[in-house]
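# Coordinate analysis (summary)
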Amino acid sequence: MLSLVLGAYWLVSGLLVGFIAIAGRDMPHRGMAFAVAALGVVAGIVVLAFPVQSAVALARLVGLWLVLLGLAEAAALALRSLAKRPAPAGPPR
């Protein structure tokens, strides 16, 4: 069910952004907005066409993202603890 909702969201979002890109003639980066809209429409159609495979792929991507986020937070905590340590005394002058 979640993949169907996500696919519908991407499809509708892509269509709306595409409409805005077509209608807004003075819009800056209009080509980039149209490219993002096309990508959203294609992603929405693919997710709606293959909901089970999309759910598996999305679960794997979210899992990978969470693992990488955990590693980044562990590294940040390690750097924070290193920053709080007093600097070692240098050689006497």
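Preceding this paragraph is the structure being described.
Attention in this report is confined to the structure presented alongside it. (Residues numbered from 1 in each chain as written. Predicted model: local features only at pLDDT ≥ 70, side-chain atom pairs only at ≥ 80, totals over all residues. Heavy atoms only, no water.)

### Some thoughts on the packing of helix H1 (residues 2-23) against helix H2 (residues 30-49)
Where H1 contacts H2, the axes come no closer than 7 Å and their chain directions differ by 155°. As the angle between them shows, H1 and H2 are arranged roughly antiparallel. Of the two possible hands of crossing, H1 and H2 adopt the one that is left-handed. Taking contact as the criterion, the partners of Ser3, Leu4, Gly7, Ala8, Trp10, Leu11, Gly14, Leu15, Val17, Gly18, Ala21 and Ile22 in H1 are, on H2, Arg30, Ala33, Phe34, Ala37, Gly40, Val41, Ala43, Gly44, Ile45, Val47 and Leu48. (Axes fitted to C-alpha atoms, helices over the stretch in contact; angles between N-to-C directions. Helix = DSSP H or I, 4+ residues; strand = E, 2+ residues; numbered from the N terminus. Parallel < 35°, antiparallel > 145°, perpendicular 65-115°, else oblique. Left-handed = near helix turned anticlockwise from the far one by under 90°. Contact = heavy atoms within 4.5 Å.)

### A look at the side chain of Ser3
Structurally, the position occupied by Ser3 is in helix H1. By relative accessible area, which is 6% here, Ser3 ends up buried. A distance of 3.1 Å separates the side chain of Ser3 from the backbone oxygen of Pro51, its partner in a polar contact. (Buried < 20%, exposed > 50% of the residue type's maximum accessible area, 1.4 Å probe, protein only. Polar contact = N/O pair within 3.5 Å; in protein donor to acceptor, adjacent residues only side chain to side chain.)

### Focus: H1
Residues spaced three or four apart along an α-helix point in a common direction, a consequence of the helix completing one turn every 3.6 residues. The end-to-end C-alpha distance of H1 is 31 Å, a good match for the 32 Å that 22 residues give at a rise of 1.5 Å each. Elements in contact with the buried residues of H1: H2 and helix H3 (51-84). (Expected span 1.5 Å × (residues − 1).)

### Observations concerning the packing of H1 against H3
Two quantities define a packed helix pair, namely the angle between the helix axes and the distance between the axes. At a minimum axis separation of 9 Å, H1 and H3 run at an interaxial angle of 95°. Classified by the interaxial angle, the pair formed by H1 and H3 is roughly perpendicular. Contacts between H1 and H3 pair Ser3, Leu4, Leu6 and Trp10 from the former with Pro51, Ala55 and Leu58 from the latter. Looking at the contact of H1 with H3, its residues break down into six nonpolar, one polar and no charged. (Nonpolar A, V, L, I, M, F, W, Y, C, P; charged D, E, K, R; others polar.)

### With respect to a nonpolar patch on the surface
A cluster of nonpolar side chains, Leu61, Leu64, Val67, Leu68 and Leu71, forms an exposed patch at the surface whose accessible area comes to about 500 Å². Mapping Leu64 onto the fold places it in helix H3. Assessed through its relative accessible area of 48%, Leu64 is described here as partly exposed. (Patch = residues over 30% accessible without salt bridge, like charges linked within 9 Å, V, L, I, M, F, W, Y side chains within 5 Å. Areas by Shrake-Rupley, 256 points an atom, 1.4 Å probe, with all protein chains shown as cover. Salt bridge = Lys/Arg side-chain N within 4 Å of Asp/Glu carboxyl O.)

### Things to note about the environment of Leu16
With respect to the secondary-structure elements, Leu16 resides in helix H1. Note on Leu16: relative accessible area 51%, which makes it exposed. Each C-alpha atom, one on Leu16 and one on Val47, is 18 Å from the other, the two residues being 31 residues apart in sequence.

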